[in-house]
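Each chain, letter by letter, is given below.
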Amino acid sequence: MDQIEVIVVDQSGKTAGVVARIRRMVHDGTLREGDPLPSTRALAAELGVARGTVVAAYDQLDGEGWIRTRHGAVARVVASAGVGGVGGRGGAVVGDLLLATDPRARAAASAAASASATAARTIDCRPGVPAVTAIAQRDWRAAWRAAADAPLRNAVADPLGTVELRAQVVAQLGLSRGFAPSVDRVLLTAGTSEALSLVTEALRVHLGRAPVFAVEDPGYRTGQRAVLSAGGTVVGIPLDDDGMDLGALTAAPPVDVVLVTPTHQYPLGSVMPVARRQRLLTWAAATGTLVVEDDYDSEFRHRGSPVPALAALDADGVVLHVGGFSKTLDPRLRCSYVVLPGAAGVPVGAGSVAGVTDAVLAARRARGAVVAEPVQIALAHLLRTGALRRHLGRVRRDYTHRRARIAARLDGVAGLEARALTGGLHAVVVWSGPATGQEVAARMAGAGVLVSTLEEYGIAPGSTPAGVVLGYGAVTVPELDRALDALVGAVERTETVA
């Protein structure tokens, strides 16, 4: 205990005291990325507090992105000084979480932190990447061991996907999305873009011409490009505060498909109310239009009650539902799923959508299997064992905290408004001044922060206000703080120059 300063914990806020101290130690460079923290039991004994106090502090710091805890493993720092400095200190021990009292040591640590901040790595806040590393390593490894232990087969993979994974998808949909289709209505695709490409190809063959898709404007441009590359055409439909404007849709020339993100419109974040969903389904049934529901991040709702899938309201069999694992686990898995249209109790291939379902099934079989069986086995294991459910519970808390961080940081900043915060993994930030999204994004890039511009998502000129889309799924809280500071500074500097 020589030449050290024990953490002094305010007894009126013991957990907050531990949390604040560790944050400061990361900020000033005393703790760096990869450094181990003492066990909760050891630190509690050192501080004279209940172990639950330290557990709560570690849990909060984990949720904020400062440290990472794993069951049965030592907690380690994941956010380094300056948000992105060098890694661990080559074996330096943080033993009892104590700080040297030598002023020269503190000054050296501060200087090192400043230098590290200057050379900090770029923070990528472009949307689309979740907290991939947040899954418990024990669960992740167990899933891949299950894949490795699966018996080898002298057989061609089923183009629709393994029955086990499709059955697990059905069970998950029943628990989280309000509908449980039959397994024969589920097929796997290599991501959402491949799903949209597959549907477009199937409809092009079925209709004998290029299918016309009504898409949200602004909307998911990668998906729109997939439609175009597969031989379809797109018509942009404007949005209002509740999602796609049905008045504009019904006034547009006839379309074959309506592509929507009703649970969390991408990128603006609106939630389509139930009344509008029902009107859309009634119109689609009356006109023979297919509705493709892109349910890309419905698992993450930060405010209000969970919203059932559009497919859960579909009594006429007009909705083709698309979901996947890119936002819940890792986009590099390249695994999504399609739930074919079909009214409850109506077998695939029957009813008014028979031609569409048969065409999509034929296209899937013609293309062959696109998701490797070991990947499917690993995913089925994560679903069957509850590992994915536990992971989602963990990251929901983390994302909700980061969402609150964004709202708190931008609240009261004149001219700035944060949107799309009711769910998902991204925020849209708009402003009232003359600065364009490209100008602000360029200034942020100069400060080491990458974002997407809102204008990138528009089809018709002027369909979006000036703004940026900021993803917060894969960044730590210190990185997010730095990104938000860069955003505010970029808007202010751009408007000053203008």
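Position numbers for residues count from 1 along each chain, tracking the sequence in the order it is written. Where totals are concerned, whole chains, interfaces and linings use all residues; where local detail is concerned, this predicted model gives features only for residues with pLDDT of at least 70, and gives and counts side-chain atom pairs only at 80 or more. Computation of side-chain values: all heavy atoms of the structure, hydrogens and water removed.

Caption draft 1: How the structure looks around the packing of aromatic side chains. Stacked, edge-to-face and tilted labels apply to pairs of Phe, Tyr and Trp rings (six-membered ring for Trp) whose centres lie within 6.5 Å, assigned for plane angles under 30 degrees, over 60, and everything in between, in that order. This structure, assessed with the given rule, holds six aromatic pairs. Seen from their ring centres, Phe300 and Tyr399 are 5.0 Å apart, and the 85° between their planes marks the pair as edge-to-face. In this pair, Phe300 is assigned in the loop between strand 11 (290-294) and strand 12 (319-324) and Tyr399 in helix 13 (residues 387-410), connecting sequence segments 99 residues apart. Just as Phe300 is buried, Tyr399 falls in that class too. For the ring pair Phe325 and Tyr337, a centre distance of 6.0 Å and an interplane angle of 65° mean the geometry is edge-to-face. Of this pair, Phe325 sits in the loop between strand 12 and strand 13 (336-339) while Tyr337 sits in strand 13, placing them 12 residues apart in sequence. Think of it in three bands: with a 1.4 Å probe and only protein chains considered, a residue is buried below 20% of the maximum accessible area for its type, exposed above 50%, and partly exposed in between. Relative accessible area serves as the criterion here: at 4%, Phe325 is assigned to the buried category. Ring-pair connections join several aromatic residues into one group, and the members of that group are Tyr220, Tyr266, Tyr296 and Tyr457. Secondary structure elements are taken from DSSP: a helix is a run of H or I of four residues or more, a strand is a run of E of two residues or more, and numbering for both begins at the N terminus.

Caption draft 2: Fine view of the side chain of Thr192. Following the sequence through the fold, Thr192 ends up in helix 7 (residues 192-207). Residue contacts are counted whenever heavy atoms from the two residues lie within 4.5 Å of one another. When near neighbours in sequence (up to four residues on either side) are disregarded, Thr192 contacts Tyr220, Asp294, Val322 and Ser336.

Caption draft 3: Focus on the pattern of salt bridges. Counted as salt bridges are all cases of a side-chain nitrogen of Lys or Arg within 4 Å of a carboxyl oxygen of Asp or Glu. Under the criterion given, the structure shown has 16 salt bridges. Bridged by salt links that share partners, the residues Glu194, Glu201, Arg364 and Arg367 form one connected network.

Caption draft 4: Examining unusual backbone geometry more closely. The step from Asp217 to Pro218 runs through a cis peptide bond, and the omega angle for that step is 5°. Here Pro218 shows up in the loop between strand 7 (212-217) and helix 8 (221-229). Look at the link from Tyr266 to Pro267: it is a cis peptide, with omega at 10°. If you trace the backbone, Pro267 turns up in the loop between strand 10 (257-260) and helix 10 (274-287). Phi is positive for Arg334, close to 50°, though the residue is something other than glycine. Within the secondary structure layout, Arg334 lies in the loop between strand 12 and strand 13. You can call Arg334 partly exposed: its relative accessible area is 39%.

Caption draft 5: Fine view of the sheet that holds strand 17 (residues 452-453). Only when DSSP finds a minimum of two bridges between them are two strands counted as paired. Sheet architecture is open: four strands sit in the order 14-15-18-17, paired in antiparallel fashion. Two strands close off the open sheet at either side, each with one partner strand: strand 14 (416-419) and strand 17. Pairing of strand 15 (residues 426-431) with strand 18 (residues 467-471) involves five bridges; the strand directions are antiparallel. When the sheet's bridge partners are listed, Val429 is paired in strand 18 with Val468. Simply put, an axis is a line fit to the C-alpha atoms, just over the touching stretch for a helix, and the angle between two N-to-C directions goes from 0 to 180 degrees. Lying over the sheet, helix 13 contacts strand 14, strand 15 and strand 18, oriented at roughly 165° with respect to strand 14.

Caption draft 6: Examining the sheet that holds strand 13 more closely. Pairing is mixed across the open sheet formed by eight strands, whose spatial order is 6-13-12-11-10-7-8-9. Unpaired on one side and paired on the other, strand 6 (186-189) and strand 9 (243-244) mark the two borders of the sheet. Looking at chain direction, strand 6 and strand 13 are connected through four bridges and run antiparallel. Its bridge partner being in strand 13, Leu187 is matched across the sheet by Val338. The strands touched by helix 10 within the sheet are strand 8 (233-240), strand 9, strand 10, strand 11 and strand 12, with strand 10 carrying the most contacts at an inclination of about 160°.

Caption draft 7: Quick peek at the environment of Val77. By the secondary structure assignment, Val77 is in strand 3 (residues 73-77). Sequence separation between Val77 and Ile22 is 55 residues; the distance between their C-alpha atoms is 9.6 Å. Beyond its immediate stretch of four places on either side in the chain, Val77 contacts Val26, Leu31, Arg32, Glu33, Gly34, Asp35, Leu37, Trp66 and Ile67.

Caption draft 8: Examining the environment of Glu417 more closely. Counting through the fold element by element, Glu417 comes out in strand 14. You can call Glu417 partly exposed: its relative accessible area is 39%. Separated by 13 residues in the primary sequence, Glu417 and Val430 have C-alpha atoms spaced 5.4 Å apart. A distance of 3.3 Å separates the side chain of Glu417 from the side chain of Arg419, its partner in a polar contact. As used in this structure description, the phrase polar contact means that two N or O atoms lie within 3.5 Å; if the pair is within protein, one of them must be able to donate a hydrogen and the other to accept it, and residues adjacent in sequence are counted only when both atoms belong to side chains.

Caption draft 9: View of the packing of helix 7 against helix 8. One way to put it is that helix 7 packs onto helix 8 with a least axis distance of 8 Å and a crossing angle of 30°. In this structure, helix 7 crosses over helix 8, and the sense of that crossing is right-handed. Together, Ser193, Leu196, Ser197 and Thr200 of helix 7 and Thr222, Gly223, Ala226 and Val227 of helix 8 make up the contact between the two elements. For any helix crossing, the convention is left-handed if the near helix is rotated counterclockwise from the far helix by under a right angle, and right-handed if that rotation is clockwise.

Caption draft 10: Geometry of the confidence of the model for the protein chain. Looking at the protein chain, pLDDT values average 85 and 85% of them are 70 or higher. As a per-residue quantity, pLDDT reports the predictor's confidence and falls between 0 and 100. Scored below 50 in pLDDT, residues 344-352 shows nine contacts in the model against residues more than four places distant or in partner chains.

Caption draft 11: View of the pairing of strand 14. Sheet analysis places strand 14 next to strand 15, joined by four bridges and oriented antiparallel. Following the sheet pairing, Arg419 is matched in strand 15 by Val428. Connecting the antiparallel pair strand 14 and strand 15 is a turn made up of six residues, with Ala420 showing a positive phi of about 65°.

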